[in-house]
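If you want the building blocks of each chain, they are given just below.
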Amino acid sequence: MASLSTTSLSFKAPSIQSTRISQVLRKPSSFQSIAFGRFQSSRSLRLQISCAAKPETVQKVSDIVKEQLALSADTALTAESKFSALGADSLDTVEIVMALEEKFNISVEESDAQNITTIQEAADLIEDLVQKKPATEAS
């Protein structure tokens, strides 16, 4: 897993001019060929940027999801696993969020809770909320 911290990102592909990442994110693009220094790939590349949560957080969320949905211990879950694909309905999702709030000692706003559909989204939100907690609450 890699992380990137920057305020601006530019890249150059053979068929387009130098482009800022904000321009790319406004419209979906697929590149047939893209060069990075001396390396050139002719495969289609997919650009995905995420602020991924720590693997430990993703694992804790996975464990809670398994417990709340009564999934067997050997059920394979990934960060991209969707609650609905695991059989969760809206009530199950509310119970998952409540369990996450209890486990991580956080409070999830209803508007945020409605946007959580995957394990990764839940883990990212948790880390964001934990970081925003005042230092006195975090201990």
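Please read these numbers as outputs of a predicted model, since none were measured by experiment.

*Asks:* Would you explain the overall build of the chain in this entry?
*Replies:* Of the regular secondary structure elements, the chain holds 6 helices and 4 strands. Considering only contacts within the chain whose residues lie at least 6 apart along the sequence, 45% involve residues at least 24 apart. Accessible surface computed for the chain: about 10,200 Å², of which carbon and sulfur atoms make up 50%.

*Asks:* When you look at helix H3 (residues 90-104) in this model, what are you seeing that I'm missing?
*Replies:* Every α-helix winds through 3.6 residues per turn, so residues three or four apart in the chain are directed the same way. With 15 residues, H3 should reach 21 Å at 1.5 Å per residue; the first-to-last C-alpha distance of 21 Å fits that figure. Residues of H3 that are buried: Asp-92, Thr-93, Ile-96, Val-97, Ala-99, Leu-100 and Phe-104. The buried residues of H3 occupy an angular sector of 160 degrees when projected down its axis, which confines them to one face. Projecting away from the buried face of H3 at angles above 90 degrees are the exposed residues Ser-90, Leu-91 and Glu-102. Where H3 is buried, its residues meet helix H2 (55-68), helix H4 (110-113) and helix H5 (119-132). The residue sitting at the N-terminus of H3 and contributing the capping side-chain oxygen is Asp-89; that oxygen lies 3.1 Å from the backbone nitrogen of Leu-91. Taken from the residues just after H3, Asn-105 is the one with a positive phi, measuring 55 degrees.

*Asks:* Any chance you could explain the nonpolar core here in plain terms?
*Replies:* General note: in soluble globular proteins, nonpolar side chains tend to be found buried as a group. By size, the foremost hydrophobic cluster in this structure holds 25 residues, and its most contacted members are Val-61, Val-65, Phe-83, Leu-100, Phe-104, Val-108 and Ile-119. Counting residues per element, the ones that place at least two in this core are H2, H3 and H5. If one sorts the elements of this core by residue count, H5 sits on top with 6 residues. When sequence neighbours within four positions are dropped, the list of residues in contact with Leu-100 reads Val-61, Ile-64, Asn-105, Ile-106, Ala-122 and Ile-126.

*Asks:* Hey, could you run me through the environment of Lys-60 in this one?
*Replies:* Within the secondary structure layout, Lys-60 lies in helix H2. Sequence separation between Lys-60 and Phe-104 is 44 residues; the distance between their C-alpha atoms is 9.6 Å. Ignoring anything within four residues of it in the chain, the contact list for Lys-60 reads Lys-103 and Phe-104.

*Asks:* Help me understand the packing of H2 against H5, please; the structure alone is not making it clear to me.
*Replies:* Helices that pack against each other are described as a pair by the angle of their axes relative to one another and the distance between those axes. One way to put it is that H2 packs onto H5 with a least axis distance of 9 Å and a crossing angle of 120 degrees. Judged by the angle between their axes, H2 and H5 are oblique. In this structure, the crossing between H2 and H5 has a hand that is right-handed. Contacts between H2 and H5 pair Thr-57, Val-58, Val-61, Ser-62 and Val-65 from the former with Ile-119, Gln-120, Ala-122, Ala-123, Ile-126 and Glu-127 from the latter.

*Asks:* Quick question: what am I supposed to make of the environment of Leu-86 here?
*Replies:* Checked against the element boundaries, Leu-86 lands in the loop between H2 and H3. Overall, Leu-86 belongs to the partly exposed group, its relative accessible area being 23%. In the structure, Leu-86 is positioned 21 residues away from Val-65 in sequence and 9.2 Å away in space, judged by C-alpha atoms. The residues contacting Leu-86, other than those within four sequence positions of it, are Val-65, Leu-69, Leu-71, Leu-77 and Ser-81.

Thresholds applied
- Residues numbered from 1 in each chain as written.
- Predicted model: local features only at pLDDT ≥ 70, side-chain atom pairs only at ≥ 80, totals over all residues.
- Heavy atoms only, no water.
- Helix = DSSP H or I, 4+ residues; strand = E, 2+ residues; numbered from the N terminus.
- Contact = heavy atoms within 4.5 Å.
- Areas by Shrake-Rupley, 256 points an atom, 1.4 Å probe, with all protein chains shown as cover.
- Expected span 1.5 Å × (residues − 1).
- Buried < 20%, exposed > 50% of the residue type's maximum accessible area, 1.4 Å probe, protein only.
- Arc of directions from axis to C-beta.
- Polar contact = N/O pair within 3.5 Å; in protein donor to acceptor, adjacent residues only side chain to side chain.
- Core = buried A, V, L, I, M, F, W, Y, C linked by side-chain atoms within 4.5 Å.
- Axes fitted to C-alpha atoms, helices over the stretch in contact; angles between N-to-C directions.
- Parallel < 35°, antiparallel > 145°, perpendicular 65-115°, else oblique.
- Left-handed = near helix turned anticlockwise from the far one by under 90°.

These values are about where atoms sit, not about what they do.
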